[in-house]
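Below are the chains, spelled out letter by letter.
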Amino acid sequence: MGYTLNFNLIWRHFEKLWGGLLLSLELAVISIAIGIVIGLLLAVWYVSAGRLVRTAIAAYVEFIRNVPLILLVYLVFYGLPTVVDIAYSAQTSFIATLSLYSGAYLVEVFRSGLEAVPRGQLDAGKAIGLTPWQRLLHVRLPTMLRITLPALSNTFLSLFKDTSVASVISVPELTYGAQWINFNTFRIVEVYLVVTAMYLLTGYALLYALRLVERRFRAAH
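If you're wondering where the values come from, they're calculated on a predicted model, not measured in any experiment. (Residues numbered from 1 in each chain as written. Predicted model: local features only at pLDDT ≥ 70, side-chain atom pairs only at ≥ 80, totals over all residues. Heavy atoms only, no water.)

Visitor: What exactly am I supposed to notice about the UniProt feature "transmembrane region" (unreviewed entry) in the protein here?
Guide: Mapped onto this numbering, the UniProt entry annotates "transmembrane region" (unreviewed entry) at residues 20–47, 59–80 and 191–210. Between the end C-alpha atoms of residues 59–80 the distance is 20 Å, and the span holds 86% helix and 0% strand. The span residues 191–210 is 100% helix and 0% strand, and its two end C-alpha atoms sit 28 Å from each other. (UniProt positions renumbered as here; feature names shortened; annotations may be inferred. Helix = DSSP H or I, 4+ residues; strand = E, 2+ residues; numbered from the N terminus.)

Rendered as structure tokens:
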């Protein structure tokens, strides 16, 4: 007997998928916000500091970029509490991990953006008497943001998909909800078809919204 699709049980437990999708978005938003702070601070520090600081920042970036996210999740959730007297929830652990993960990628995004600011703009700011801090705040950062906004949007979309890794430590995001329904109904094909559609539709909606923001930002400048 062939496999017959039956979505009735999926719809019966759809609130787990919907709640998981909302949590996935929340995890991505919080993590990108913290990652932006980490990435921007380290990028500014990198372009203005000495060799020792640059080496330390580069080491952080290379470590994060060359270690799988799932391994970082395990290290922070299971490994860190065994060597340090610290306790946190799975959700807090994942946010911390994803923030550090996104921060490492955003260091490179922001660093390249800062270095791409035309030298003439900086010289003009210096000529009218702006201090180094004022030149950073009023010249380099606004120009850098326009340059890096597309990459920032792509990073956010990537983080939204990466929230699925949180299921390995039982954070009840979208993929975990799918696993729960699969375990309790055994409707493997149906639940993952629905979840795939939810990821696709949400991803395209986010992409559309972010592209509008990019166009609006460019038009405003």
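Visitor: Before we go on, may I ask you to explain helix α5 (residues 90–115) in this structure?
Guide: Given 3.6 residues per turn, any residue in an α-helix points the same way as the ones three and four places further on. Helix length check: α5 (26 residues) gives 38 Å between terminal C-alpha atoms against 38 Å at 1.5 Å per residue, within 8%. Within α5, the axis deviates most sharply at Tyr105, by approximately 25°. (Expected span 1.5 Å × (residues − 1). Bend = angle between axes of the 7 residues up to and from the residue.)

Visitor: Please clarify how a nonpolar patch on the surface should be interpreted in this entry.
Guide: Residues Tyr3, Leu5, Ile188, Val189, Tyr192 and Leu193 make up a contiguous nonpolar surface patch of roughly 560 Å² in combined accessible area. Residue placement: Val189 occurs in helix α9 (residues 188–220). On the basis of relative accessible area, Val189 is assigned to the partly exposed category, the value being 38%. (Patch = residues over 30% accessible without salt bridge, like charges linked within 9 Å, V, L, I, M, F, W, Y side chains within 5 Å. Areas by Shrake-Rupley, 256 points an atom, 1.4 Å probe, with all protein chains shown as cover. Salt bridge = Lys/Arg side-chain N within 4 Å of Asp/Glu carboxyl O. Buried < 20%, exposed > 50% of the residue type's maximum accessible area, 1.4 Å probe, protein only.)

Visitor: Honestly, the UniProt feature "domain: ABC transmembrane type-1" (unreviewed entry) in the protein in this entry has me stumped. Any pointers?
Guide: According to UniProt, the feature "domain: ABC transmembrane type-1" (unreviewed entry) maps to residues 21–210 in the numbering used here. The span residues 21–210 is 84% helix and 0% strand, and its two end C-alpha atoms sit 18 Å from each other.

Visitor: Explanation requested: the environment of Tyr60 in the structure shown.
Guide: Position of Tyr60 relative to the elements: it lies in helix α3 (residues 51–65). The residues contacting Tyr60, other than those within four sequence positions of it, are Ile38, Leu42, Leu100, Gly103, Ala104 and Val107. (Contact = heavy atoms within 4.5 Å.)

Visitor: So what exactly am I meant to see when it comes to the environment of Ser167 here?
Guide: Looking at where Ser167 falls in the secondary structure, it is placed in the loop between α7 (132–162) and α8 (174–185). Separated by 80 residues in the primary sequence, Ser167 and Ala87 place their C-alpha atoms 19 Å from one another. Those residues in contact with Ser167 that sit more than four places away from it in its chain are Glu173, Thr175, Tyr176 and Gln179.

Visitor: Is there a simple way to think about the packing of helix α2 (residues 14–48) against α8 in this case?
Guide: Axis angle and axis distance: for two packed helices, these are the angle between their axes and the distance between the axes, and together they describe the pair. Interaxial distance between α2 and α8 falls to 7 Å at its minimum, and their mutual angle equals 160°. Classified by the angle between their axes, α2 and α8 sit roughly antiparallel to one another. Remark: the crossing between α2 and α8 carries right-handed chirality. Note on element contacts: α8 touches α2 through Leu174, Gly177, Ala178, Trp180 and Ile181, opposite Lys16, Leu17, Gly20, Leu21 and Ser24. (Axes fitted to C-alpha atoms, helices over the stretch in contact; angles between N-to-C directions. Parallel < 35°, antiparallel > 145°, perpendicular 65-115°, else oblique. Left-handed = near helix turned anticlockwise from the far one by under 90°.)

Visitor: Help me out: how do you make sense of the layout of surface pockets in this one?
Guide: Leftover empty space is mapped by rolling, across the atoms, a probe with the size of a water molecule. Its boundaries defined by the atoms lining it, the largest pocket holds a volume of some 250 Å³. As for the largest pocket, its lining consists of 13 residues, and the residues nearest its centre are Leu122, Pro132, Arg135, Leu136 and Arg140. At the level of secondary structure, the elements contributing two or more residues to the lining of the largest pocket comprise α2, α6 (119–127) and α7. Counting residues per element, the lining of the largest pocket draws most heavily on α7, at five residues. A breakdown of the residues in the lining of the largest pocket according to their chemical character gives seven nonpolar, one polar and five charged. (1 Å grid on protein atoms, 1.4 Å probe; cavity = no way out; pocket = protein on both sides within 12 Å on 5 of 7 lines; lining within 4 Å. Points joined across faces, edges and corners; volume = space filled by probe spheres on them. Nonpolar A, V, L, I, M, F, W, Y, C, P; charged D, E, K, R; others polar.)

Visitor: I would appreciate a short explanation of the packing of aromatic side chains in the present structure.
Guide: Counting across every chain of the model gives six aromatic pairs. Residues Phe77 and Tyr78 carry aromatic rings whose centres are separated by 4.8 Å and whose planes lie at 70° to one another, so their mutual orientation is edge-to-face. With a relative accessible area of 46%, Tyr78 lands in the partly exposed category. A ring pair is formed by Tyr101 and Tyr105, whose centres lie 5.2 Å apart and whose planes are at 55°; its orientation type is tilted. Of this pair, Tyr101 and Tyr105 both sit in helix α5, four residues apart, roughly one helical turn. Assessed through its relative accessible area of 31%, Tyr105 is described here as partly exposed. Within the aromatic cluster, the residues linked to one another by ring pairs are Phe7, Trp11 and Phe14. For Lys16, the ring lying beneath its charged end belongs to Trp180, and the centroid distance is 4.4 Å. Looking at Arg54, its charged tip hangs above the ring of Tyr46, at a distance of 4.5 Å from the centre. (Phe/Tyr/Trp six-rings, centres within 6.5 Å; stacked < 30°, edge-to-face > 60°. Lys NZ or Arg CZ within 6 Å of the ring centre and 35° of its normal.)

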